Amino acid sequence: MHMRCSAHILNLIVSGGLKEIDLSIRKIRVACKFVKSSLSRFASFKRCDEEVSVSTKAMLILDVPTRWNSTYLMLDVVEKYEHHFITMSMLRLHMC
């Protein structure tokens, strides 16, 4: 009889759950890439720190899609900077 290890079972469970929210994760990944790909956008993102006090000094990270723990870390940091992303999207709308 073949027994799977608990780490493999956990990996299958988490991977299945991430498939359910794949579209949202892809949008967050694109937003992180957008901010990190330009020095001026990154500077604008950092300026938001002056407006809103964030309880973390962690910076945006991109995940490795095949490693769910890196996706968790990306989502954890992005959640802390949610206001920054909202502010930046509002600024982009006013610039158009």
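Predicted model, so just to flag it, every value in this text is computed and none were measured.

1. With respect to the overall build of the protein
Thought 1: Along its length, the protein carries five helices and zero strands.
Thought 2: In sequence order, the secondary structure elements of the protein are arranged as α-α-α-α-α.
Thought 3: For the protein, long-range pairs separated by at least 24 residues make up 65% of all intrachain contacts whose partners lie at least 6 apart in sequence.
Thought 4: With the model as given, the accessible surface of the protein reaches about 7,300 Å², and the carbon-plus-sulfur share is 62%.

2. Re the environment of I25
Thought 1: With respect to the helices and strands, I25 occurs in helix α2 (residues 22-36).
Thought 2: Its relative accessible area of 5% is what places I25 among the buried residues.
Thought 3: Along the chain, I25 and M74 lie 49 residues apart, while their C-alpha atoms are 9.5 Å from each other.
Thought 4: With near-sequence residues (within four places) excluded, I25 lies in contact with L18, T71, M74 and L75.

3. Considerations on the nonpolar core
Thought 1: I25, C32, V35, F45, V54, L60, M74, V77, V78, Y81, F85 and M88 together form the largest nonpolar core, which totals 12 residues.
Thought 2: Where this core is concerned, the elements lending two or more residues are α2, α4 (68-80) and α5 (82-95).
Thought 3: In this view, M88 contacts V35, R41, S44 and F45; residues no more than four positions away in its chain are not counted.

4. With respect to the pattern of salt bridges
When their charged atoms lie close together, side chains carrying opposite charge are able to pair.
Thought 1: For the coordinates displayed, the defined rule picks out three salt bridges.
Thought 2: Of the charged contacts in the structure, one is a salt bridge between R26 and D22, with a shortest N-O distance of 2.9 Å. With a gap of four residues between them, R26 and D22 both fall in helix α2, about one helical turn apart.
Thought 3: A relative accessible area of 33% places D22 in the partly exposed class.

5. So, the side chain of D63
Thought 1: Note on placement: D63 falls in the loop between α3 (39-51) and α4.
Thought 2: There is a polar contact of 2.7 Å between the side chain of D63 and the side chain of R29.
Thought 3: In terms of polar contacts, D63 uses its side chain to reach the side chain of T71, at 2.7 Å.
Thought 4: Excluding residues within four positions of it along the chain, D63 makes contact with R29, S70, T71 and M74.

6. A look at the packing of aromatic side chains
Thought 1: In total, this model carries two aromatic pairs according to the counting rule given.
Thought 2: Aromatic pair F45 and Y81: ring centres 5.3 Å apart, planes at 55°, arrangement tilted. Placement of F45 in helix α3 and of Y81 in the loop between α4 and α5 is noted, with a sequence separation of 36 residues between them. For the pair F45 and Y81, one class covers both residues: buried.
Thought 3: Aromatic rings pair up to connect F45, Y81 and F85 into one cluster.
Thought 4: Its end group placed over the ring of F34, R41 keeps NZ or CZ at 4.0 Å from the ring centre.

Reading guide: rules and limits
Residues numbered from 1 in each chain as written. Predicted model: local features only at pLDDT ≥ 70, side-chain atom pairs only at ≥ 80, totals over all residues. Heavy atoms only, no water. Helix = DSSP H or I, 4+ residues; strand = E, 2+ residues; numbered from the N terminus. Contact = heavy atoms within 4.5 Å. Areas by Shrake-Rupley, 256 points an atom, 1.4 Å probe, with all protein chains shown as cover. Buried < 20%, exposed > 50% of the residue type's maximum accessible area, 1.4 Å probe, protein only. Core = buried A, V, L, I, M, F, W, Y, C linked by side-chain atoms within 4.5 Å. Salt bridge = Lys/Arg side-chain N within 4 Å of Asp/Glu carboxyl O. Polar contact = N/O pair within 3.5 Å; in protein donor to acceptor, adjacent residues only side chain to side chain. Phe/Tyr/Trp six-rings, centres within 6.5 Å; stacked < 30°, edge-to-face > 60°. Lys NZ or Arg CZ within 6 Å of the ring centre and 35° of its normal.

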